[in-house]
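Reading the structure
Residue-level listing of the chains:
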Amino acid sequence: MLHRIIVVPIEVILKIAISGVLTGLVYGLMALGLSVIFGVVRVVNFAHGEMMTIAMYLVIVFFTALGFDPLVMLVPVSAVLFALGYLMQRAIINPFINRPEHSQFMLLVAIALIMVNGLLIVFGPDSQGITTSYSFDSFDLGGVIIDAGKVYAAFAALIVASLLFAFFRLTLTGKAIRACADNYNGALVVGLDVKRLYALTFGIGAACVGAAGTMLMIVTDVTPAIGPAYTLLAFVIVITGGLGSMPGAIVGGVLIGLTEALAGFYFTPSAKTMFSFGILVLVLLFRPQGIMGRKTA
Amino acid sequence: MKYLFDGVSRSALILLVFFFAALSVAPMILNDYLIVVLITILYFAYAGQCWNIMMGFAGQLSLGHALYIGLGAYVTAALYVKFGVSPWIGIWPALVIAGVAGAVIGFLAFRFGVSGVYFAILTIAFAEFARIGFDHFSWVGGSAGYFLPVANYTQNDLFNLRGSPRMFYYLLLAMAALAFILCHILLRSRAGYYWLAIRESPEAAEALGINIFRYKMYAVVLSAALTSLGGVIFAFFYNNLFPEQVFHISRSIELILGPIIGGIGTLFGPIVGAFLLTGLAEGLREIMLRLGVDLPGVKQVFYGICLLVVIMFLPEGVWPPLKKKLGLDRDSGGKGS
């Protein structure tokens, strides 16, 4: 380039900010899964990001084998992850419900360790991605250019999140799950099958990461080693937004997505995580219950 | 020193002396490969012991101990390479810096009521922060790594920590033994009893008038500072440091596997865990070598399975049931010896 750009045009900043928000919505869906699991089962899913990388590799396998578009795979991948989450809760996590917190945590660390390195053994360490028919498409909003893939991904994430909200508000099962979250003993007394509802919840949380992972494959690549980073990201989002608050997860996701995009643009892409950790520290200091969280005693 | 022999049964003492004696003469019999394996074991035993002060004694789960390892490693290595400062002098700033890092994390967490899993996340966040920070810290090589001049193995220079694996072996043996004795004394001191009270029930401890903030801070700072010494050995033994490896979360997890598998809060747990885990991992490596399989990640999957099995079936770790088998628990010195 012959001349140095001193002033960044507003369109560029807007483009960065909007794509940050769009990616943030997908992050929000991922974090929503974590929030739902913690809010109901009271177990911190330390294998959350690793489960998402499993979903992402499923997308790659389906895409290379059958050529399915990620948007088509949204439902099957979520279903597979639902089954994975349901079985994990039933077989491994359920005996740990009354164990101390650190014990549950270490259990999931172990599961995460096995998942990351299992993927490493199967798929190798290189980063893999897919190219869809709309990978290079974009929308032009009055000079602000937005990737089409990101728009579709964010839109799909919003739909899944709304379905989840509706499920918890409107269906009997959803209400039963909320009852378990509110009062464990009360739920037992009125005869709810808490074990099954917990497994269902874990499955739903896993389905969220399944959907989020599928959507992320439209916009980014995956390596086995990225799992822990997504776990941390989900935690940062959930704590920022407010643990147990479903809208909080989405708000936190958007906030973190926006921060990362702008930090990556103004500083270096690898420094973006530092900024989200900075937000985490600030939130823990000044509003430990999170942006949308209710204050507890 | 008045607590040194408190609650130690004769049989435990005899066993301990034999164990230490065996480790002391081991390098004279073993080949270089096995010495390096033993160095790894002692390193994990030492670092695990340090982590145990925080989690096992005071009940604060840290998943970011790689931070303190890394700080100790980078501070002493940079002082040595840039200014020729002997690591024996370099450990003092390292201790202080790691201690301050621990104090900052502890202060942020304990002042604002961040505990349990949130605290664990905060410790991870700081370690990750350091990892990315050191990736961009070009003064010590950034992401390209930082290297110490490789030692001349024919001559041991203890003052500059340049020498053969045998030298590092004895150094680590001394460190692990001293950490063991220190933890034994700590558990029988006022602070130790306060920590256990805080671990079991912070509310009850506070109601009894224990300043839980102060004692949690003591645990974090002590654990952080001692852990950094492990980092010094790491730097001078391996001679290369990469932020991506030193500060990575898998390092933190590797470090805490020993005490968890051995038995959280016990003195022998970290040692037993380090022997078991490293021994089994090396055995696995040997088998894979024989079979001609070379897959990265197998060792980690194996670690994961070990952790899973122990957590599921031996929630207290390997040592407490083993201790019962050996008949060492007759005179109860608490959860200690």
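Scroll up a little and you will see the structure.
Keep in mind it's a predicted model, so treat the numbers as computed, not measured.

A tally of helices and strands in chain A yields 11 helices and two strands. Going from the N terminus to the C terminus, chain A shows its helices and strands as α-α-α-α-β-β-α-α-α-α-α-α-α. In terms of overall size, chain A behaves like a compact globule, its C-alpha atoms giving a radius of gyration of 19 Å where 297 residues would be expected to give roughly 19 Å. Across its three principal axes, chain A shows a C-alpha extent of roughly 75 × 50 × 35 Å. Counting all 297 residues of chain A, 53% fall into the buried class. Expressed as a percentage of contacts within chain A between residues at least 6 apart in sequence, the contacts between residues at least 24 apart total 76%. For chain A, the accessible surface area stands at approximately 12,800 Å², while carbon and sulfur atoms represent 68% of it. Put simply, chain A has 15 plus and 12 minus side-chain charges, and the middle of one group is 15 Å from the middle of the other.

Turning next to the side chain of Arg131 of chain B. Relative to the helices and strands, Arg131 of chain B is located in helix α5 (residues 116-135). If sequence neighbours within four positions are ignored, Arg131 of chain B has contacts with Pro243, Glu244, Phe247 and His248 of chain B.

Taken together, the contacts link 37 residues of chain A with 39 residues of chain B. Summed over both sides, the interface of chain A with chain B buries roughly 3,400 Å², with 86% coming from carbon and sulfur. For the interface between chain A and chain B, the tally reads two residue pairs in polar contact (both at pLDDT 80 or more). Broken down by secondary-structure element, the contributors of at least two residues to the side of chain A that touches chain B are α4 (101-123), α9 (227-241) and α11 (272-286) of chain A. For the side of chain A that touches chain B, the element with the most residues is α4 of chain A, which contributes 15 residues. For the side of chain A that touches chain B, the per-class residue count stands at 27 nonpolar, eight polar and two charged.

Our next topic: a nonpolar patch on the surface. Together, Val12, Phe265, Tyr266, Phe267 and Phe275 of chain A give the surface a local cluster of nonpolar side chains, amounting to about 460 Å² of exposed area. Considering the arrangement of structural elements, one finds Val12 of chain A in helix α1 (residues 10-41).

All names here are of chain B. One can describe the packing of helix α2 (residues 32-57) onto helix α11 (residues 249-262) by two numbers: an axis separation of 8 Å at closest approach and a directional angle of 80°. Judged by the angle between their axes, α2 and α11 are roughly perpendicular. Where α2 abuts α11, its residues Phe44, Ala47, Gly48 and Trp51 lie against Glu254, Leu255, Ile256, Pro259 and Ile260. Of the residues contributing to the contact of α2 with α11, the split by class is seven nonpolar, one polar and one charged.

For the rest of this paragraph, the subject is α2 of chain B. All names here are of chain B. If you check α2, its first and last C-alpha atoms are 36 Å apart, about what 26 residues at 1.5 Å a residue would give, namely 38 Å. At Trp51, α2 shows its maximal kink, close to 40°. Gly59 lies just past α2 and shows a positive phi near 75°.

Residue and element names in this part refer to chain A. Packing of α1 against helix α10 (residues 246-266) leaves a shortest axis separation of 6 Å and a crossing angle of 140°. When the axes of α1 and α10 are compared, the pair comes out oblique. The two elements α1 and α10 meet at a crossing, and its hand is right-handed. Across the contact of α1 with α10, the residue classes tally to 20 nonpolar, six polar and one charged.

As a further point, take the nonpolar core. Grouped together as the largest cluster of nonpolar side chains are 215 residues, with contacts concentrated most on Met30 and Phe46 of chain A together with Leu67, Tyr169, Trp195, Leu241 and Leu307 of chain B. Excluding residues that lie within four positions of it along the chain, Leu67 of chain B makes contacts with Ala101, Ile105, Phe126, Ala127, Ala130 and Phe247 of chain B.

Calculation criteria
- Counting from 1, residues in each chain are numbered in the order their sequence is written.
- Chains carry letters from A onward and ligands carry numbers from 1 onward, assigned in written order.
- Thresholds applied to this predicted model are a pLDDT of at least 70 for local features of residues and 80 or more for the giving and counting of side-chain atom pairs; totals over whole chains, interfaces and linings are not thresholded and use all residues.
- Side-chain figures throughout are based on the complete set of non-hydrogen atoms in the structure, without hydrogens or water.
- The secondary structure listing takes helices from DSSP runs of H or I that are at least 4 residues long and strands from runs of E that are at least 2 residues long, numbered from the N terminus.
- Computation of the radius of gyration draws on C-alpha atoms alone. For the globule rule, the value is 2.2 Å times the number of residues to the power 0.38.
- Accessible area is worked out with a 1.4 Å probe on protein chains only. A residue is then buried under 20% of its type maximum, exposed over 50%, and partly exposed in between.
- Contacts are assigned to residue pairs that have any heavy atoms within 4.5 Å of one another.
- Calculation of accessible area relied on Shrake-Rupley with a 1.4 Å probe; when residues are assessed, cover is drawn exclusively from the protein chains displayed.
- For the purpose of counting charges, residues Lys and Arg are taken to be positive, whereas Asp and Glu are taken to be negative. His and the chain ends are not included.
- Charged side chains are reduced to one point each, which is NZ for Lys, CZ for Arg, CG for Asp and CD for Glu.
- Buried area is calculated as the accessible area (1.4 Å probe) missing from two parts once they are joined, with the contributions of both summed.
- Under this definition, polar contacts are N or O atom pairs within 3.5 Å; protein pairs additionally need one hydrogen-donor-capable and one acceptor-capable atom, and for neighbouring residues in sequence, both atoms have to be side-chain atoms.
- Classes in brief: Ala, Val, Leu, Ile, Met, Phe, Trp, Tyr, Cys and Pro nonpolar; Asp, Glu, Lys and Arg charged; the others, Gly included, polar.
- Think of a patch as exposed residues, more than 30% relative accessible area, with no salt bridge, where like charges cluster within 9 Å and nonpolar side chains (Val, Leu, Ile, Met, Phe, Trp, Tyr) cluster within 5 Å.
- By salt bridge we mean one thing: a side-chain nitrogen of Lys or Arg within 4 Å of a carboxyl oxygen of Asp or Glu.
- Only the stretch in contact is used when fitting a helix axis, every axis being a line fitted to C-alpha atoms; angles between N-to-C directions are given from 0 to 180 degrees.
- Any angle that falls under 35 degrees is termed roughly parallel, while one over 145 is termed roughly antiparallel, one within 65 to 115 roughly perpendicular, and all others oblique.
- How far a helix is expected to stretch is found by multiplying one less than its residue total by 1.5 Å.
- Bend angle per residue: angle between axes fitted to the 7 residues ending at that residue and the 7 residues starting there.
- By the definition used in this description, the sense in which the near helix is turned from the far one sets the handedness, with an anticlockwise turn below a right angle giving left-handed and a clockwise turn giving right-handed.
- Nonpolar cores are built from buried Ala, Val, Leu, Ile, Met, Phe, Trp, Tyr and Cys residues. Side-chain atoms within 4.5 Å join them into one set.

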